[in-house]
Amino acid sequence: MMETTSTIPISAQGEVSWALPSRGVVGMVCLILAESAIFLIFVVAYVFYIGKSLSGPMPAQVLELPILGTVCLLSSSFTVHAAVSALRKANIRGCTLWLAATVLLGAVFLMTTAREWYHLIHDFGLTIRTNLFGTTFYSLVGLHATHVVIGLILLTVALVLLLTGRVQEKHAERLEVLSLYWHFVDGVWVVVFLVVYVLGR
């Protein structure tokens, strides 16, 4: 999708050119703003109900810092940025490798989340129905995990198109739109990590 360029005269001697953002970028920014409001509601609910459960287990008793998953997910922001930069330089091979690394890092994050849930359910009996902590925890972390899954699906489709030779330098802006969503997902995890695993314990 090409950018729309407009000019505004500033003097009798010359003009200044400026570029309007593409509809894809604008649309993604609007989506991110709407999704941010939804996440804010879930974060506030989690904070509000911390310590109000009448029965255990409680966060301090069962939660461990998800260091591996966090490192992988945050690292994927750098790899997806590198993928976009490579495509803008017509480096298809580099873009493919960086995007594959992004998908792999995201998948590892989901695996660590699944392992954590298995541990909480089978070792501590914490389900979404156990207490207020369980309800708000699985709702917030599950909402984020759902967004990670959606992002991985979109990035995997882009990777397949790269591998089949259907992506060229002119498609860099479309990949950048996907990267904006992925950066948003990573940014939300920083908030979730701090609220749930650091401050909420």
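Up top is the structure.
Small disclaimer: the values here were computed from a predicted structure and weren't measured. (Residues numbered from 1 in each chain as written. Predicted model: local features only at pLDDT ≥ 70, side-chain atom pairs only at ≥ 80, totals over all residues. Heavy atoms only, no water.)

Caption draft 1: Main features of the packing of aromatic side chains. Tallied over the entire structure, the rule returns 10 aromatic pairs. Both rings, one in Phe-48 and one in Tyr-49, keep their centres 5.0 Å apart while their planes meet at 85°; by these two values the pair is edge-to-face. For Phe-48, a relative accessible area of 48% puts it in the partly exposed group. Plain terms: the ring middles of Trp-189 and Tyr-197 are 5.9 Å apart, the flat faces sit at 50° to each other, and that makes the pair tilted. Each member of the pair, Trp-189 together with Tyr-197, is buried. Members of the aromatic cluster, connected to one another through ring pairs, are Tyr-46, Phe-109, Trp-117, Phe-133, Phe-137, Tyr-138, Trp-189, Phe-193 and Tyr-197. Here the basic side chain of Lys-52 rests over the ring of Phe-48, its NZ or CZ set 3.6 Å away from the ring centre. (Phe/Tyr/Trp six-rings, centres within 6.5 Å; stacked < 30°, edge-to-face > 60°. Buried < 20%, exposed > 50% of the residue type's maximum accessible area, 1.4 Å probe, protein only. Lys NZ or Arg CZ within 6 Å of the ring centre and 35° of its normal.)

Caption draft 2: Examining the pattern of salt bridges more closely. Within the structure shown, the criterion is met by one salt bridge. Taking the shortest distance from any N to any O, the salt bridge between Glu-176 and Arg-88 comes out at 2.4 Å. Taken together, the residues Glu-176 in helix H6 (residues 172–199) and Arg-88 in helix H3 (residues 67–88) connect sequence positions 88 residues apart. (Salt bridge = Lys/Arg side-chain N within 4 Å of Asp/Glu carboxyl O. Helix = DSSP H or I, 4+ residues; strand = E, 2+ residues; numbered from the N terminus.)

Caption draft 3: Summary view of the nonpolar core. Of all hydrophobic cores here, the largest spans 47 residues; its most connected members are Tyr-46, Leu-63, Leu-99, Phe-137, Leu-175, Val-196 and Tyr-197. For this core, the secondary-structure elements that each account for two or more residues are helix H1 (23–49), H3, helix H4 (92–124), helix H5 (132–163) and H6. Ignoring sequence-local partners within four residues, the contact set of Val-196 consists of Tyr-46, Leu-63, Phe-137, Leu-140 and Arg-201. (Core = buried A, V, L, I, M, F, W, Y, C linked by side-chain atoms within 4.5 Å. Contact = heavy atoms within 4.5 Å.)

Caption draft 4: Broad picture of unusual backbone geometry. A cis amide bond links Gly-56 to the next residue, Pro-57, at an omega of 0°. Looking at where Pro-57 falls in the secondary structure, it is placed in the loop between H1 and helix H2 (59–62). A positive phi angle is found at Ala-90, which is not glycine, with a value near 65°. As for its placement among the helices and strands, Ala-90 is situated in the loop between H3 and H4.

Caption draft 5: Inspection of empty space enclosed by the protein at higher detail. If you walk through the whole model with that rule in mind, you get one cavity of 30 Å³ or more. Its volume calculated, the largest cavity comes out at about 40 Å³. Lining the largest cavity we find Tyr-46, Tyr-49, Ile-50, Gly-51, Met-58, Pro-59, Phe-133 and Thr-136. Residues that form the lining of the largest cavity fall into these classes: six nonpolar, two polar and no charged. (1 Å grid on protein atoms, 1.4 Å probe; cavity = no way out; pocket = protein on both sides within 12 Å on 5 of 7 lines; lining within 4 Å. Points joined across faces, edges and corners; volume = space filled by probe spheres on them. Nonpolar A, V, L, I, M, F, W, Y, C, P; charged D, E, K, R; others polar.)

Caption draft 6: Representation of H3 in the model. In a regular helix each residue adds 1.5 Å, so 22 residues correspond to 32 Å; H3 covers 32 Å between its end C-alpha atoms and thus fits that length. One or two steps after H3, the chain reaches Ala-90, where phi turns positive at roughly 65°. (Expected span 1.5 Å × (residues − 1).)

Caption draft 7: Region of the structure containing the packing of H5 against H6. Running from N to C, H5 and H6 point in directions that differ by 160°, and their axes come no closer than 10 Å. By the criterion of interaxial angle, the relationship of H5 to H6 is roughly antiparallel. Read as a crossing pair, H5 and H6 show a hand that is left-handed. Between H5 and H6, the contacting residues are Phe-137, Leu-140, Val-141, His-144, His-147, Val-148, Ile-150, Gly-151, Leu-152, Leu-154, Leu-155 and Ala-158 on the first element and Leu-175, Leu-178, Tyr-181, Trp-182, Phe-184, Val-185, Val-188, Trp-189, Val-192, Val-196 and Tyr-197 on the second. Among the residues making up the contact of H5 with H6, the classes are represented as 20 nonpolar, three polar and no charged. (Axes fitted to C-alpha atoms, helices over the stretch in contact; angles between N-to-C directions. Parallel < 35°, antiparallel > 145°, perpendicular 65-115°, else oblique. Left-handed = near helix turned anticlockwise from the far one by under 90°.)

Caption draft 8: The arrangement of H4 in detail. Under the 1.5 Å per step criterion, the end-to-end length of H4 is 47 Å for 33 residues, consistent within 8% with the ideal 48 Å. Of the residues one or two after H4, Gly-125 is the one with positive phi, at around 70°.

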